[in-house]
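Results of the structural survey
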Amino acid sequence: MPSQTCRPQRRQQDGASGLDRLNSAAAGAAETALLACCGSRRWARRIAAHRPYPDLEALQAAADEASYDLSPADLAEALSEESVSPQPLAGARGRGTLAAHTALRAAHAEYERRFRHVFVICLDGLREEELLNHVLSGIRNRLAHEPDEERAVAAEELRRIARGRLAHLVGQGT
């Protein structure tokens, strides 16, 4: 997941903000847009059902609350919609990069074998040169978790990722 930063709200040519469009979208269209932020259908329905949101903070607070209420099945559904980035991490160049990416692919394979879902980690706020190290150390540390502990950590990472994706969705992120 690329690093995301918040920016002032952008306006589209029609003058409507991304938040205005989300608030006024038909329920099905809003749910589809929200599923791109978190792959749990129940999460997306819940966020869509509580519209309108006055601002990004209210939207993210509702998303946080819905994230904390994910059942094990909801979490499994959301994790199944995530994928391993097919490209090398941005900023990961130079000496040792090939070896690091080889180690990362092996760690991802071991993680998926152990926990039966992809590794998720929020990279918002990190500089490009920090990404590869952060992912490598994160996956190594988390491979030592028990399955229940790792599910809780993965759920928290998904919550953080969804916040960044929501900011991007409504035009307040990159």
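In what follows, the structure referred to is the one given above.
Keep in mind it's a predicted model, so treat the numbers as computed, not measured.

Glancing now at the overall build of the chain. Helix and strand counts for the chain come out as eight helices and zero strands. Its helices and strands in sequence order give the chain the pattern α-α-α-α-α-α-α-α, from N to C terminus. Counting all 174 residues of the chain, 43% fall into the buried class. In the chain, the share of contacts with a sequence separation of at least 24, taken over all contacts with a separation of at least 6, comes to 71%.

Tracing the backbone shows Gly138 in helix α7 (residues 128-142). For Gly138 and Phe119, which are 19 residues apart along the polypeptide, the C-alpha to C-alpha distance reads 9.4 Å. When sequence neighbours within four positions are dropped, the list of residues in contact with Gly138 reads Phe119 and Ile121.

For the rest of this paragraph, the subject is the pattern of salt bridges. Summed over all chains, the structure comprises 14 salt bridges. A salt bridge links Asp69 to Arg46; its shortest N-O distance comes to 2.7 Å. Within this pair, whereas Asp69 is found in the loop between α4 (56-68) and α5 (72-80), its partner Arg46 is found in helix α3 (residues 41-49), the two being separated by 23 residues in sequence. Relative accessible area serves as the criterion here: at 38%, Asp69 is assigned to the partly exposed category. With a shortest N-O distance of 2.9 Å, Arg165 and Glu82 are connected by a salt bridge.

The geometry of a pair of packed helices is captured by two quantities: the angle between their axes and the separation between those axes. Remark: α3 packs on α4, axes separated minimally by 10 Å, with the N-to-C direction vectors making an angle of 145 degrees. Judged by the sense of rotation from one axis to the other, the crossing of α3 with α4 is right-handed. Across the interface between the two elements, Trp43, Arg46 and Ile47 of α3 pack against Leu59, Ala62, Ala63, Glu65, Ala66 and Ser67 of α4. Looking at the contact of α3 with α4 residue by residue, the class counts come to six nonpolar, one polar and two charged.

Definitions and limits used
- Residues numbered from 1 in each chain as written.
- Predicted model: local features only at pLDDT ≥ 70, side-chain atom pairs only at ≥ 80, totals over all residues.
- Heavy atoms only, no water.
- Helix = DSSP H or I, 4+ residues; strand = E, 2+ residues; numbered from the N terminus.
- Buried < 20%, exposed > 50% of the residue type's maximum accessible area, 1.4 Å probe, protein only.
- Contact = heavy atoms within 4.5 Å.
- Salt bridge = Lys/Arg side-chain N within 4 Å of Asp/Glu carboxyl O.
- Axes fitted to C-alpha atoms, helices over the stretch in contact; angles between N-to-C directions.
- Left-handed = near helix turned anticlockwise from the far one by under 90°.
- Nonpolar A, V, L, I, M, F, W, Y, C, P; charged D, E, K, R; others polar.

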